[in-house]
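Listed below, chain by chain, are the residues.
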Amino acid sequence: MKECIHCNLCKKHCSFLEKYDIDLSEFEKRPELAYHCFLCGKCKEVCPRDIDGRKIAQEHRQKYVQKNGIEKLKSEYKGLLWEKYPYKFSNYRHANQTSVLFMGCNFTAFFPKTAQFLTKEFQKRGMGVLFECCQKPVAELGLEKEAETQIARMDARLESQGVTELIVVCPNCYYFLRGKTKLSLVSIYRKLEELGIGNLLEGDLPFYYPCPDREEHIFINDIRKFLKGKEKHAFPQIQCCGLGGSAAMHEKKLATEMSELVQSTGEKQLYTYCASCISNFRRNGFQYAEHVLTHILGIEEKIPLGVTSVVNRARYKWK
């Protein structure tokens, strides 16, 4: 933080920092705000010294766990940790091929029809499928070592089943697992192109770029191969969908405002490639958020919200 020049660009582009009237240097001195940060990376994107508020928040969170223990955290994030640490709905029965489709958590919850289509198409081509959590939600609570332990167990199990490659549907899973798993990672869009699956999409589409893909653009670059037109960067002012960093528990108003902001842009449609973003935009009133993958595959999908999405996710434990 000695590099901070107090230009306040981070504060101007982050509703969380703006609310508390602090820059990143001051955030470093406010550990009580550890779980109020959305971990979206917008601050690093605009910082002339490349300071990353996500690292500050994660250090605060790790120290919180060291001081208070995991039990107190479980009382605050009971539902999340009950389901994902370890993941209650994991299913390795079909993860027994060299190349395996890694669905993640939320895609199966909100896009079960598309998930079923992908499963069948990949299995027809001699590939496996795995239903598992990447452990990012767990790590982001300050439980990084615990998450890494779970990933190591996943790796050992997959290696014993002959797996060498994971085809990843979710950008959050991709970027989080990279460097933590021994397995090779490839985006679903690159693999679809290799296999000759999917349709070209007409027109210039208004895109919202999920937080993890904003720096390296690995997913959107692979998606561009399915676009006849160009994607339109239509939502640059939206910091986060509102679900980032599990901050909504402490910053419900900010989270809702972030999600509702899409309606003020005047865009009639929103395309993205993160199931969590789409579900939150729709939950907060913007019913025209679409997953580009369903359009590439030509599948019409009614997106469930509420308890139905949880049931959908749970069903894959026994498929």
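Above: the structure in question.
Residues numbered from 1 in each chain as written. Predicted model: local features only at pLDDT ≥ 70, side-chain atom pairs only at ≥ 80, totals over all residues. Heavy atoms only, no water.

**Student:** Quick question: what am I supposed to make of the overall build of the chain here?
**Tutor:** Helix and strand counts for the chain come out as 17 helices and eight strands. In terms of overall size, the chain behaves like a compact globule, its C-alpha atoms giving a radius of gyration of 19 Å where 319 residues would be expected to give roughly 20 Å. Each principal axis of the C-alpha atoms in the chain carries an extent, and together these give about 55 × 45 × 35 Å. Here the chain holds 319 residues, and the buried ones make up 56% of them. Look at the contacts in the chain between residues 6 or more apart in sequence, and 72% of them connect residues 24 or more apart. As presented, the chain carries roughly 14700 Å² of accessible surface, and 49% of it is formed by carbon and sulfur atoms. The average position of the 49 basic charges and that of the 39 acidic charges among the side chains of the chain differ by 4 Å. (Helix = DSSP H or I, 4+ residues; strand = E, 2+ residues; numbered from the N terminus. Rg over C-alpha atoms; globule rule 2.2 N^0.38 Å. Buried < 20%, exposed > 50% of the residue type's maximum accessible area, 1.4 Å probe, protein only. Contact = heavy atoms within 4.5 Å. Areas by Shrake-Rupley, 256 points an atom, 1.4 Å probe, with all protein chains shown as cover. Lys, Arg positive; Asp, Glu negative; His and termini not counted. Charge placed at Lys NZ, Arg CZ, Asp CG, Glu CD.)

**Student:** Before we go on, may I ask you to explain the sheet that holds strand β3 (residues 165–168) in this structure?
**Tutor:** Hydrogen bonds along the backbone pair up the strands of a sheet, which may run parallel or antiparallel. Reading across the sheet, the four strands line up as β2-β1-β3-β4 and stay open at both edges, with parallel pairing between neighbours. Edge strands, defined here as strands with exactly one partner in the open sheet, are β2 (128–130) and β4 (184–187). Averaged over all neighbouring strand pairs, the angle between strand axes comes to 30°, with direction disregarded. Relative to β2, strand β1 (residues 99–102) runs parallel, the two being bridged by three bridges. Along β2, the bridge assignment pairs Val100 with Gly128. (Pairing = 2+ DSSP bridges. Axes fitted to C-alpha atoms, helices over the stretch in contact; angles between N-to-C directions.)

**Student:** What am I meant to see in helix α14 (residues 252–260) here?
**Tutor:** Since the α-helix turns once every 3.6 residues, residues separated by three or four places project in the same direction. All buried positions along α14 are accounted for by Leu254, Ala255, Met258 and Ser259. One face of α14 carries all of its buried residues, which in axial projection span an arc of 130°. Within α14, the exposed residues directed more than 90 degrees away from the buried face are Lys252 and Lys253. Structurally, α14 contributes buried residues whose contacts are with α2 (15–20) and α15 (275–283). (Arc of directions from axis to C-beta.)

**Student:** What's the story with the pairing of β4 in this structure? I'm lost.
**Tutor:** Look at any regular strand and the pattern is simple: side chains alternate between the two faces of the sheet. The pairing of β3 with β4 spans four bridges and is parallel. Bridge assignment links Leu166 to a residue of β4, and that residue is Leu185. In this fold, β3 hands off to helix α11 (residues 171–177), which returns the chain to β4; that crossover is right-handed. (Right-handed = clockwise from strand over helix to strand, strands pointing away.)

**Student:** Help me understand the packing of aromatic side chains, please; the structure alone is not making it clear to me.
**Tutor:** Think of a pair of aromatic rings as described by two things: how far the centres are apart, and how the planes are tilted against each other in angle. Tallied over the full model, the rule gives 15 aromatic pairs. Ring plane angle 75° and centroid distance 5.3 Å describe the contact between Tyr174 and Tyr175, whose orientation is recorded as edge-to-face. The buried category is assigned to Tyr174, whose relative accessible area is 9%. Classification of Tyr175 by relative accessible area gives buried; the value is 13%. (Phe/Tyr/Trp six-rings, centres within 6.5 Å; stacked < 30°, edge-to-face > 60°.)

**Student:** What am I meant to see in the side chain of Ser99 here?
**Tutor:** Counting through the fold element by element, Ser99 comes out in strand β1. Its relative accessible area of 11% is what places Ser99 among the buried residues. There is a polar contact of 2.5 Å between the side chain of Ser99 and the side chain of Glu165. If we ignore the near neighbours within four places in the chain, the residues touching Ser99 are Met127, Gly128, Glu165, Ile167 and Lys191. (Polar contact = N/O pair within 3.5 Å; in protein donor to acceptor, adjacent residues only side chain to side chain.)

**Student:** Explain unusual backbone geometry here, please?
**Tutor:** Apart from glycine, the bulk of residues carry a negative phi angle, and the bulk of peptide bonds sit in the trans form. Cis geometry marks the peptide bond from Tyr85 to Pro86; its omega dihedral reads -10°. The residue Pro86 is located in the loop between α6 (78–84) and β1 in this model. Backbone geometry places His6, a non-glycine residue, at a positive phi of 55°. On the secondary structure map, His6 appears in the segment before α1 (9–12). In this structure His6 comes out as partly exposed when scored by relative accessible area, which is 48%. The phi angle at Gln135 is positive, at roughly 80°, despite the residue not being glycine. Counting through the fold element by element, Gln135 comes out in the loop between β2 and α9 (136–139).

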